[in-house]
Amino acid sequence: MITIDDITIKIRMLNRPWLLAQATVIFSDIIETKGWKILRSTKMHERFQEEIWIQAPSFSKGAINGKEVWDEIIWINDRRLYEQIEEKIYNAFFAKRNKENGEQGVAEARKQKEEIDVPVNLEDIDIDKIPL
C-alpha cells in the first residue's frame, strides 16, 4: 500500500497567465508522473483558500456540444490519498513561490539606490521621515 510518505513532489514554476506551475509526482522513487498542473481558478479552493486548481495529467477528448472534454491519464482510486497528494503539491508550490518571491524582493531591495540610515538609538527616530 502506498502512503503519502512514499510520494515526492518536484515543482517547476511557469508563471503564465493561467498555468502557474507544473508538478512531477514520484511514487516510491520508482514511478514518475509528469504533467500535473497548478492553475489559476475563478473559484476559491475550499482547502487551500486560494483561487487555485490542481489538475492531474490529462488529455483532450475533443469538443462535445461545443465544450472541451478532458480525461485524466493518472487516476488515484483512494480519494484520501489523492487529497493528500494534492495538498503535498500545493505545499511544495506554495514554498517554492514564496522562496522565489522572497529572492525577487531581496534583489529589488539591493537595486535601490536610496539607503535608509537606522540610528543606533531608536529614540532618535523621527517618525515623520519614515517613507511609506
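Okay, so let's go over this structure. (Residues numbered from 1 in each chain as written. Predicted model: local features only at pLDDT ≥ 70, side-chain atom pairs only at ≥ 80, totals over all residues. Heavy atoms only, no water.)

Describing the packing of aromatic side chains
Rule in force here: Paired rings are identified among Phe, Tyr and Trp, the last through its six-membered ring, by centres lying within 6.5 Å, and are further divided according to the angle between planes into stacked (under 30 degrees), edge-to-face (over 60) and tilted (the rest). Helical segments are the DSSP runs of H or I of at least four residues, strand segments are the runs of E of at least two, and each set is numbered from the N terminus. Any residue under 20% of the maximum accessible area for its type is buried, any over 50% is exposed, and the rest in between are partly exposed; the area is computed with a 1.4 Å probe on protein chains only.
The tally for this structure, following the rule as stated, stands at four aromatic pairs. Between phenylalanine 48 and tyrosine 90, the ring centres sit 4.2 Å apart and the planes meet at 5 degrees, which makes this aromatic pair stacked. Note that phenylalanine 48 is positioned in the loop between strand 3 (31-40) and strand 4 (52-55) and tyrosine 90 in helix 1 (residues 79-111), a separation of 42 residues in sequence. This pair shows no difference in class: phenylalanine 48 is buried, exactly as tyrosine 90 is. Ring geometry for tyrosine 90 and phenylalanine 94: centres 5.8 Å apart, planes at 35 degrees, overall tilted. Taken together, the residues tyrosine 90 and phenylalanine 94, both in helix 1 and four residues apart, mark about one turn of the helix. Note on phenylalanine 94: relative accessible area 36%, which makes it partly exposed.

Quick word on the pairing of strand 6 (residues 67-72)
The criterion, for reference: When DSSP finds two or more bridges between a pair of strands, those strands are recorded as paired.
Relative to strand 6, strand 5 (residues 58-64) is paired through six bridges, and the arrangement is antiparallel. Opposite alanine 63, over in strand 6, you have glutamate 68 as the bridge partner. Hairpin connection between strand 5 and strand 6: a loop of two residues separates the two successive antiparallel strands, and asparagine 65 in this loop has a positive phi of roughly 55 degrees.

Thoughts on the side chain of glutamine 55
Quick reminder of the rule: Here a polar contact is taken to be a pair of N or O atoms separated by no more than 3.5 Å, where protein atoms must pair a possible hydrogen donor with a possible acceptor and residues adjacent in sequence count only if both atoms sit in side chains. We call two residues in contact whenever any of their non-hydrogen atoms come within 4.5 Å of each other.
Mapped onto the elements of the fold, glutamine 55 is located in strand 4. Within the structure, glutamine 55 has its side chain in polar contact with the side chain of serine 58 (distance 3.0 Å). Sequence-distant contacts of glutamine 55, that is, excluding residues within four places in its chain, are made with Gly35, Trp36, Lys37 and Leu39.

Re the sheet that holds strand 4
This is how it is decided: Convention adopted: a line fitted to C-alpha atoms gives each axis, helices being fitted over their contacting stretch, and angles between N-to-C directions are expressed from 0 to 180 degrees.
Here four strands make up an open sheet; going across it, the order is 1-2-3-4 and the pairing antiparallel. Of all the strands in the sheet, just strand 1 (7-13) and strand 4 have a single pairing partner and so form its edges. Strand after strand, the sheet turns through a mean of 25 degrees between neighbouring axes, direction not considered. In terms of strand pairing, strand 1 meets strand 2 (residues 19-27) through seven bridges, oriented antiparallel. Across the sheet, methionine 13 pairs through a bridge with alanine 21, a residue of strand 2.

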